[in-house]
Amino acid sequence: MMGFYFEGEYYEQMGEPKKAFKTFEKAFAMDEIDFLTKEMALEKIDALKADFGY
């Protein structure tokens, strides 16, 4: 999950919201790791949906 979550943040900062959205969805499907929870990934997905309408 950690790799997909941070990759999603990278895409988000680079201005590629479609790639970020798909990557956060992959992170959501994985098992939680330490401080990264499914709720955090879901919040990112919801924010991208609200901003870009995916």
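Residues numbered from 1 in each chain as written. Predicted model: local features only at pLDDT ≥ 70, side-chain atom pairs only at ≥ 80, totals over all residues. Heavy atoms only, no water.

Participant: Can you walk me through the overall build of the chain in this structure?
Facilitator: Looking only at helices and strands, one finds 3 helices and 0 strands in the chain. Traced from its N-terminal end to its C-terminal end, the chain shows the element sequence α-α-α. Relative to the 2.2 N^0.38 estimate, which gives 10 Å for 54 residues, the radius of gyration of the chain is 10 Å and therefore close to what a compact globule would have. Counting every position in the chain, which comprises 54 residues, the buried fraction comes to 26%. The contacts in the chain between residues at least 6 apart in sequence include a share of 54% that link residues at least 24 apart. (Helix = DSSP H or I, 4+ residues; strand = E, 2+ residues; numbered from the N terminus. Rg over C-alpha atoms; globule rule 2.2 N^0.38 Å. Buried < 20%, exposed > 50% of the residue type's maximum accessible area, 1.4 Å probe, protein only. Contact = heavy atoms within 4.5 Å.)

Participant: How do you make sense of the environment of Glu-16 when you look at a structure like this?
Facilitator: Among the structural elements, Glu-16 can be located in the loop between helix H1 (2-13) and helix H2 (17-29). At 3.2 Å, the side chain of Glu-16 and the side chain of Lys-19 are in polar contact. (Polar contact = N/O pair within 3.5 Å; in protein donor to acceptor, adjacent residues only side chain to side chain.)

Participant: Honestly, H1 in this entry has me stumped. Any pointers?
Facilitator: Given a rise of 1.5 Å per residue, 12 residues ought to cover 16 Å, and the 17 Å separating the end C-alpha atoms of H1 matches this to within 8%. Within the sequence span of H1, burial applies to Tyr-5, Gly-8 and Tyr-11. Projected onto a plane normal to the axis of H1, the buried residues spread over an arc of 125° and lie on a single side. Seen from the buried face of H1, the exposed residues on the opposite side, beyond 90 degrees, are Gly-3 and Gln-13. On its buried side, H1 packs onto H2 and helix H3 (38-52). Where H1 terminates, the next one or two residues include Gly-15, which has phi positive at roughly 80°. (Expected span 1.5 Å × (residues − 1). Arc of directions from axis to C-beta.)

Participant: Looking at this model, I keep getting lost on the nonpolar core. Mind explaining?
Facilitator: For soluble globular proteins, nonpolar side chains are generally found buried alongside one another. Core analysis: the largest hydrophobic core is formed by 11 residues, namely Met-1, Tyr-5, Tyr-11, Ala-20, Phe-21, Phe-24, Ala-27, Leu-36, Ala-41, Ile-45 and Leu-48. Going through the elements one at a time, H1, H2 and H3 are the ones with two or more residues in this core. The element best represented in this core is H2, accounting for 4 residues. Filtering out sequence-adjacent residues up to four positions away, Ala-41 remains in contact with Met-1, Tyr-5, Phe-24 and Phe-28. (Core = buried A, V, L, I, M, F, W, Y, C linked by side-chain atoms within 4.5 Å.)

So, to be careful, I would describe these as geometric facts and stop short of saying anything about function.
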